[in-house]
Amino acid sequence: MRNSSVVPFVKWAGGKRQLIPQIKARMPGKYNNYYEPFVGGGAVIFALLPANALLNDINKALINVYKQICNAPEAFLAAVNKLDGEMWEDGKEYYYYIRDNYNNKLVKAEYDVEMAALFVFINKHCFNGLYRVNGKGLFNVPYNNSRRASVNEKAIMEVSKYLQCVNITDGDFETACRDAKKEDFVFIDSPYAPLNPVSFESYTKEGFDIESHKRLAKLFDELTARGCYCMLTNHNTGLINELYGNKGYNIDVVSVKRMINPDASNRVGEEVIICNY
């Protein structure tokens, strides 16, 4: 299945859009089912459009957007267009008003079409498309001073059409891969291991600390033993090389631009693409 109109509908930190050519070049010749336990913005699944796929993320608010676009695209578009159309002259004040509304729904766990629209609006109007929450679990990224449209209607309808054949789940990565079998393909784009090991504290709010990386490496080994084709991407760090090196896996180092970094001098870096085949 191929359709160039199916594109990511949110910007996501660590998204793999720029690595698509390298990822495609390393894909197995053929595989059965497709699993992506850390879907994020969906750059890879939307580039590949596998016929039998499961996408997952632990971020329930993000997965709610996927589900609403899949099940109620017209209602979702109407809600987003209403948010765009009612934007005040003072865009900054309006953004923080919308952000407060989103956080209120987050606290109440109201995962509905309105929350999906609020999510996409703030994603398109927040700084660098970051998704970050504070210690109370509230979204706290500032305004980016834009008044652009939040969605492309045609693209949303194409995404909705594709998602009809996709199993969409929210939960832990191990649970998402529970049914992966021999000759299934698992693409793993987990939260980045920090370039500076002492910054791991910032990852614990998201629930992805050193122990999570170790647990993921163990799952990678288990999936390999099951006969699954696995590909994993992450920063080229000592921790990642320690977890996946010396096991016979193919580890390729690739250069990337890190547009999310506010310091222009630190926008070029290295990532690894690790394959077990």
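Residues numbered from 1 in each chain as written. Predicted model: local features only at pLDDT ≥ 70, side-chain atom pairs only at ≥ 80, totals over all residues. Heavy atoms only, no water.

### Some points on the overall build of the chain
- The secondary structure content of the chain amounts to 11 helices and 7 strands.
- At 19 Å, the chain has a C-alpha radius of gyration in line with the 19 Å of a compact globule built from 277 residues.
- If you line up the chain on its principal axes, its C-alpha atoms span 60 × 40 × 35 Å.
- A buried classification covers 49% of the 277 residues belonging to the chain.
- Here the contacts in the chain between residues at least 6 apart in sequence split such that 71% fall between residues at least 24 apart.
- Carbon and sulfur atoms make up 49% of the accessible area of the chain, which totals about 13300 Å².
- Mean positive and mean negative side-chain charge positions of the chain (33 and 32 charges, respectively) differ by 3 Å. (Helix = DSSP H or I, 4+ residues; strand = E, 2+ residues; numbered from the N terminus. Rg over C-alpha atoms; globule rule 2.2 N^0.38 Å. Buried < 20%, exposed > 50% of the residue type's maximum accessible area, 1.4 Å probe, protein only. Contact = heavy atoms within 4.5 Å. Areas by Shrake-Rupley, 256 points an atom, 1.4 Å probe, with all protein chains shown as cover. Lys, Arg positive; Asp, Glu negative; His and termini not counted. Charge placed at Lys NZ, Arg CZ, Asp CG, Glu CD.)

### Quick notes on helix α3 (residues 60–71)
- An ideal rise of 1.5 Å per residue puts 16 Å on 12 residues; α3 measures up with 16 Å between its terminal C-alpha atoms.
- The buried fraction of α3 is high, at 9 of 12 residues.
- Turning to α3, its buried residues are Ala61, Leu62, Ile63, Asn64, Val65, Tyr66, Gln68, Ile69 and Cys70.
- Where α3 begins, one side-chain oxygen reaches toward the backbone nitrogen of Ala61, 3.1 Å away; that side chain belongs to Asn59. (Expected span 1.5 Å × (residues − 1). Polar contact = N/O pair within 3.5 Å; in protein donor to acceptor, adjacent residues only side chain to side chain.)

### Observations concerning the packing of aromatic side chains
- Within the structure shown, the criterion is met by 25 aromatic pairs.
- Summarising the aromatic geometry, the rings of Tyr94 and Tyr97 are spaced 6.3 Å apart at their centres and angled 40 degrees between planes, so their arrangement reads as tilted. Pair noted here: Tyr94 and Tyr97 are both in helix α5 (residues 91–108), with a separation of 3 residues, about one helical turn.
- The class for Tyr94 is buried, based on a relative accessible area of 2%.
- Consider the rings of Tyr94 and Phe121, whose centres lie 5.7 Å apart with planes at 85 degrees: the pair is edge-to-face. Placement of Tyr94 in helix α5 and of Phe121 in helix α6 (residues 113–125) is noted, with a sequence separation of 27 residues between them. In terms of burial, Tyr94 and Phe121 fall into one category: buried. (Phe/Tyr/Trp six-rings, centres within 6.5 Å; stacked < 30°, edge-to-face > 60°.)

### Focus on the environment of Cys228
- Looking at the secondary structure, you find Cys228 in the loop between α10 (210–226) and β5 (229–235).
- Not counting residues within four places of it along the chain, the set of residues in contact with Cys228 comprises Ala180, Lys181, Lys182, Glu183, Asp184, Val186, Leu223 and Asn276.

### Some points on the pattern of salt bridges
- Within the structure shown, the criterion is met by 14 salt bridges.
- One salt bridge connects Glu110 with Lys105, and the closest N-O pair in it is separated by 2.9 Å.
- When its relative accessible area of 31% is taken as the criterion, Glu110 is described as partly exposed.
- Here Lys105 falls in the buried class, since its relative accessible area comes to 6%.
- One continuous salt-bridge network, built from bridges that share partners, spans Lys105, Glu110, Asp112 and Glu114. (Salt bridge = Lys/Arg side-chain N within 4 Å of Asp/Glu carboxyl O.)

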